[in-house]
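Here is what each chain is made of, one letter per residue.
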Amino acid sequence: MNDLETRAAAARPGALRRAAPALLGYAAVRALGLVVLALWSEARGKSAYTLLTARWDSLWYTRVAELGYGYEVRLPNGDVHSNLAFFPLLPWLERLAAAVSPLSYADGGFVVSLLASLAAAWGIFAVADHLYGRRAGVCAVLLWAVLPVGIVQSMAYSESLFTALAAWALYAVLTGRWVTAGLLAGLAGLTRPVGLAVVAAVWAAGVAAFLRERSGSSFVGDGSAVPAGGARGGGHAGLPSGAPRTGAPDGAPPSPHAPGVRLRRVVGMLLAPLGAAGYVLWVGDRTGGGPLGYLDVQAGWRNGFDGGYAFALFVAGRFTSFPSALAGVALVVGVALVVWLFVLCVRRGQPLPLLVYAGTVTALALCASSYFGSKPRLLMPAFPLLLPLAVALARARTRLLAAGLGTVAAASAAYGAFWLNGSGPP
């Protein structure tokens, strides 16, 4: 099976019909969030559409689309906020939308995010369905939709676009479509700095496959595959243990030694880092900072990687008074929950590329040295963390599951409206 066949298979009407419950449920949750945001904003005399398309990072992306790179803001404290910090794929798509339609750049960003969020939901479903079955796939998508900061999925931000590319890249790895995985990883690397996580996942799976071939052993957990359609014919949700289903140890091809498999794997691995590396090197050349020039740009935003030291100090600072101590407790519980979910993923034998991807996204989000309020949305692409919960929920009765997720969706919609009409996502 080659990559061209893979793309055709993904587009078959049967694949869309299989994903339809997940996509319809996702669209319903997002529609609820947008309606609540519109009503809340109207009551406060604000424009919901402006909050979605012309605030915070959305403005930086549209400026890149309209004016190109080179715009910067110098703050009184000496910090320099340069638009070189923002990766180019979303602005390119905004510019394309404006070129071929009457949409403005901001409109284009909104449309791209809406379409990308649906693509992300489908990709998340494909991964979960492939590993645990259709019902778990639906639950995974709905869990991602009802995240407290899920409203960001409908904003002219790059999170939805990145998650879509990451999810489908991981699905391609799991099913042995290496060239497709490399291309999608390259595009993810043009979307956000955390594209490094997708590259790492592709390389981890590729190296593990080569080591397995060399040793002649069958190592389950690095991207084991079942037929490309995903779940068993019955569509039951997962194994009793919650472990991923396994099949051919090296993905879709019937044998890891099939002609061309190794070559496609090498090509995919070489393609994966080109997007991120290309942009970072271009920024370094433009700024004169060399290969590390992009880090200097991020330093102007006071962004960096300090192993979580600054975040730990920030959390500790919440406990200096009673009202803020409640926020501190919430932060500690939130971080503990994220770590627990990752440990659970490891214990349940989640495939290696998913563990590498989710672990890298989580580490980069929690260990960044600035913009602590952004951490929930920075964690949003780490959807593999939701898979153990999805498997557990898939065993619940449909009526109980619908009632529970509906309640959480309503709470998420209310929080999203409150959040965007308040501090919003920095």
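So, a few notes on the structure that sits alongside this text. What you see is a predicted model, and the numbers here were worked out from it, not measured in a lab.

**Some remarks on the packing of helix α6 (residues 105-132) against helix α8 (residues 159-174)**
Then step 1. Viewed as axis vectors pointing N to C, α6 and α8 meet at an angle of 30°, and their least axial separation amounts to 7 Å. In terms of their interaxial angle, α6 and α8 are classed as roughly parallel. Where α6 crosses over α8, the handedness of that crossing is left-handed. Residue-level contacts link Ser113, Ala116, Ser117, Ala119, Ala120, Trp122, Gly123, Ile124, Ala126, Val127, His130 and Leu131 of α6 to Ser160, Leu161, Thr163, Ala164, Ala167, Trp168, Tyr171 and Leu174 of α8.
Then step 2. Tallied by class, residues from the contact of α6 with α8 come to 14 nonpolar, six polar and no charged.

**A short note on empty space enclosed by the protein**
Then step 1. Under the criterion given, the structure shown has two cavities of 30 Å³ or more.
Then step 2. Considered as a void within the structure, the second largest cavity measures approximately 30 Å³ in volume.
Then step 3. Every residue lining the second largest cavity is listed: Val29, Arg30, Leu32, Gly33, Ala145, Ala409, Ser412 and Ala413.
Then step 4. At the level of elements, α2 (13-43) and α19 (398-420) are the ones that each hand at least two residues to the lining of the second largest cavity.
Then step 5. Looking at which element gives the most residues to the lining of the second largest cavity, the answer is α2, with four residues.
Then step 6. For the lining of the second largest cavity, the per-class residue count stands at five nonpolar, two polar and one charged.

**Considering helix α14 (residues 309-317)**
Then step 1. Here α14 has its buried residues at Ala310, Phe311 and Val315. Angularly, the buried residues of α14 cover 140° about the axis, an arc narrow enough to put them on a single face.
Then step 2. Considering only its buried residues, α14 is in contact with α15 (322-347), α16 (352-366) and α17 (375-379).

**A few points about the packing of α14 against α15**
Then step 1. With their axes 8 Å apart at the nearest point, α14 and α15 run at an angle of 140° to one another. Classified by the angle their axes make, α14 and α15 are oblique. Counting all contacts with α14, which are made through Phe311, Phe314 and Val315, the residues of α15 involved are Gly328, Leu331, Val332 and Val335.
Then step 2. Of the residues that constitute the contact of α14 with α15, the class distribution is six nonpolar, one polar and no charged.

Rules used in this analysis
For every chain, the first residue of its written sequence is number 1, and the numbers climb from 1 along that sequence. Since the coordinates come from a predicted model, pLDDT governs what is reported: local features require at least 70, and pairs of side-chain atoms require 80 or more to be given and counted, while whole-chain, interface and lining totals use all residues. Heavy atoms throughout the structure, all of them, feed into the side-chain values; hydrogens and water do not. Each axis is a line fitted through C-alpha atoms, taken for helices only over the stretch in contact, and angles between the N-to-C directions span 0 to 180 degrees. A run of DSSP states H or I qualifies as a helix once it reaches four residues; a run of E qualifies as a strand once it reaches two. Both are numbered from the N-terminal end. Angles below 35 degrees are treated as roughly parallel, those above 145 as roughly antiparallel, those between 65 and 115 as roughly perpendicular, and all remaining angles as oblique. Crossing handedness is read from the near helix: turned anticlockwise from the far helix by less than a right angle, it gives a left-handed crossing, and turned clockwise, a right-handed one. Here, two residues are considered to be in contact whenever any of their heavy atoms come within 4.5 Å of each other. Polar here means any residue outside two lists: the nonpolar Ala, Val, Leu, Ile, Met, Phe, Trp, Tyr, Cys and Pro, and the charged Asp, Glu, Lys and Arg; Gly therefore counts as polar. Cavity means a closed set of points on a 1 Å grid over the protein atoms alone, one where a 1.4 Å probe fits but cannot get out, pocket means an open set with protein on both sides within 12 Å along at least 5 of 7 lines, and lining means a residue has an atom within 4 Å of a point. Grid points are joined across faces, edges and corners, and a volume is the space filled by probe spheres set on the points. Think of it in three bands: with a 1.4 Å probe and only protein chains considered, a residue is buried below 20% of the maximum accessible area for its type, exposed above 50%, and partly exposed in between. Taken from the helix axis, the directions to the C-beta atoms give the arc we talk about.

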